[in-house]
Amino acid sequence: MTCARFMELALYDDETGYYMVDEVRAGREWVTAPTLSPIFGRVLARLVEPGLTGRQAPMLVEAGTGGGELVRDLAYGLHDEAPDVFGDLELVPVDRSPSARQRCRDTLEEAGIDLADVDLRDTLPERVEGVLVTNELLDALPTHVCQHTEQGLAEIHLEPGDPTLAPTLRGPSQEAIMELASRFQTQLEPGLRFEAPLAAYDWYREAASRLDEGLIVTVDYGARRRKLLEDHPKGTIHAYRQGQRVEEFWYDPGRMDLTYRVPFDEIARVGEEEGLQTLVYGSQGRVLTDLGIREMASEVGAGAPLAAKKLVDPDGAGGTFRVLVQGRGVDPDRLPLASR
Ligand SMILES: C[S@@+](CC[C@H](N)C(=O)[O-])C[C@H]1O[C@@H](n2cnc3c(N)ncnc32)[C@H](O)[C@@H]1O
C-alpha cells in the first residue's frame, strides 16, 4: 500500500487509528501550541478578528480541533479585545475523531461556554462566513512519499504489520504526483525523497471553496517546497511514540503519531486557484511577535512569558512552524501585522 493509505489506516481507522481510539493517549502524548498555553490562541485572536468584524453571523471554525483548546482561547481573546464580534460569534469546532470531539466538549464546558451555542461537527460546514483556523491539521493528513531514482520518479509502498520490511519502491500511484514533481524548480538527484500531500491539497481546496468571505489561517510545520527539498533530502515524514521521534514511521501502526512538513507555497497556490488572496506568510515566531505576544504574556504573567518565549523561539517552534493567512473580501490593511 502507499504511505498515504498506510497513514489513513494508522491514524484514522475507526477501531485502531491513533487519533480515533484512545483520547487519553492522544491527549497526553504530544504538546501543541494551544495545549502548551492559552497565550497562543489569545494573541492569535488579533489575527482572526478582521475576518469576523462586520459580518451578520460571523463563524469561527476550527478544523482538526483536537481537545478544543485553540477555539476556546480564540473565543476568550475575542471576548476581551473585540466584544462586539464575540457577541454574535458562532463557534464551530470540527474533528473527524469522536474521542477528540468528546475532549473538545469537555474543554468548552469547563470553560463555561454554553454548548447550545457551539456547532461541534465531524466535517466542515457547507459554507463559511468568517474565519477558518487550523493548527497542526494539514501535517496529520495522509501523504504519499516519493523518491527520485536513476529510472525516474518512484513512490514508496509499505507492507503493514511487518516492522522489519523495508519500504519498497514502485511507480507513482497517481498522475497528480508526476504533475506535482514536474513543477519543482529544483534539480532532483537520485535518492531524493519528498512528500506529495495530495489529501492536504484536496482538503484545502475544499475549505477554500466553502469560504464565502473571510480568512483561512493555517499554522503548521513546514516551509516552501524548495527549502524542504534542500533541507530534507531524505523527506520529512516521521513518527512520534510517547514523545520520542521515530524515523521508521511504518513501525507499530496505530500506536504512533505520524507527521510531515507541509509545503506551504503549494498550499497557498491551491488557495489562490480558488480565488483567495495571500495576505500573510511567515514564521510563527515572527507573526506572534508582530501580534504582540511578548507584551500580552508579560501582562498575563504566571507561565505565559515562558510559553511565549518557546512559541517564538527561532531555533524551536517559532522557526519550524509557519503561518499562512489567505482571504476573500478582507482588506489586507485591516490585518494587524507590522510585517507581512
Ligand atoms: C495533530 S492533531 C491537532 C489537534 C489540535 N489542532 C492542536 O493543535 O492541539 C490533528 C487533529 O486533526 C483531526 N483531523 C484529521 N483529519 C481531519 C479532517 N479531515 N477533518 C477534521 N479533523 C481532522 C485529528 O482527528 C486530530 O484531532
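Residues numbered from 1 in each chain as written. Predicted model: local features only at pLDDT ≥ 70, side-chain atom pairs only at ≥ 80, totals over all residues. Heavy atoms only, no water.

A.B. asks: Break down the overall build of the chain for me, citing the residues and quoting the values.
C.D. replies: Across its full length, the chain holds 16 helices and 14 strands. The C-alpha atoms of the chain give a radius of gyration of 20 Å, which matches the 20 Å a tight globule of 340 residues would have. Along the first, second and third principal axes, the C-alpha atoms of the chain reach 60 × 40 × 40 Å. A total of 340 residues make up the chain; the buried ones form 54% of that total. Restricting the contact set of the chain to residue pairs at least 6 apart, pairs at least 24 apart contribute 78%. Total accessible area on the chain is roughly 15,100 Å²; 46% of this is exposed by carbon and sulfur atoms. (Helix = DSSP H or I, 4+ residues; strand = E, 2+ residues; numbered from the N terminus. Rg over C-alpha atoms; globule rule 2.2 N^0.38 Å. Buried < 20%, exposed > 50% of the residue type's maximum accessible area, 1.4 Å probe, protein only. Contact = heavy atoms within 4.5 Å. Areas by Shrake-Rupley, 256 points an atom, 1.4 Å probe, with all protein chains shown as cover.)

A.B. asks: Give a detailed account of the pairing of strand E3 (residues 128–135), specifying residues and quantitative values.
C.D. replies: In regular strands, side chains alternate between the two faces of the sheet. Burial of E3 is extensive: seven of the eight residues sit out of reach of the surface. Pairing between strand E1 (residues 59–63) and E3: four bridges, direction parallel. Its bridge partner lying in E3, Glu62 is registered against Val133. Bridging between E3 and strand E8 (residues 211–223) involves eight bridges; their strand directions are parallel. If you follow Val131 over to E8, its bridge partner there is Leu215. (Pairing = 2+ DSSP bridges.)

A.B. asks: If you had to explain empty space enclosed by the protein to someone new, which residues and values would you point to?
C.D. replies: Sizing a probe to match a water molecule and rolling it over the atoms shows the empty space that remains. Considering all chains together, one arrives at one cavity of 30 Å³ or more under this definition. Taken together, Arg193, Phe194, Glu195, Arg225, Leu228, Leu229, His232, Gly235, Thr236, Arg261 and Pro263 form the lining of the largest cavity. Of all the secondary-structure elements, those providing two or more residues to the lining of the largest cavity are strand E7 (193–196) and helix H11 (225–231). (1 Å grid on protein atoms, 1.4 Å probe; cavity = no way out; pocket = protein on both sides within 12 Å on 5 of 7 lines; lining within 4 Å. Points joined across faces, edges and corners; volume = space filled by probe spheres on them.)

A.B. asks: Go over the side chain of Thr149 with me, naming the residues and quoting the values.
C.D. replies: When you line up the elements, Thr149 lands in strand E4 (residues 144–149). Here Thr149 falls in the buried class, since its relative accessible area comes to 15%. A polar contact is formed between the side chain of Thr149 and the backbone nitrogen of Gln151, at a distance of 3.1 Å. In this structure, Thr149 is in contact with Ala154, Leu169 and Pro190, ignoring residues within four places of it in sequence. (Polar contact = N/O pair within 3.5 Å; in protein donor to acceptor, adjacent residues only side chain to side chain.)

A.B. asks: Explain the site of the ligand residue by residue, including any values.
C.D. replies: For the ligand, the set of nearby residues contains 17 residues, the closest of which are Tyr12, Thr32, Gly64, Asp95 and Asn135. Asp95 is positioned with one of its side-chain polar atoms (N or O) 2.6 Å from an oxygen atom of the ligand. Residue Arg96 places a main-chain N or O atom 3.3 Å away from a nitrogen atom belonging to the ligand. Burial of the ligand by the protein amounts to 94% of the accessible area it has alone, namely 610 Å². Among the residues making up the shell around the ligand, the classes are represented as seven nonpolar, six polar and four charged. (Near = heavy atom within 4 Å. Nonpolar A, V, L, I, M, F, W, Y, C, P; charged D, E, K, R; others polar.)

A.B. asks: Before we move on, can you summarise the sheet that holds strand E5 (residues 152–157) with the specific residues and values?
C.D. replies: The strand order E6-E5-E4-E7 describes an open sheet built from four strands, whose pairing is antiparallel. Only two strands of the sheet have a single partner each, and these edge strands are strand E6 (168–170) and E7. Taken over all neighbouring pairs, the strand axes of this sheet differ in orientation by 40° on average, direction set aside. When E4 meets E5, the two strands line up antiparallel, connected through four bridges. The residue bridging Thr149 from the neighbouring strand is Gly152, located in E5. (Axes fitted to C-alpha atoms, helices over the stretch in contact; angles between N-to-C directions.)

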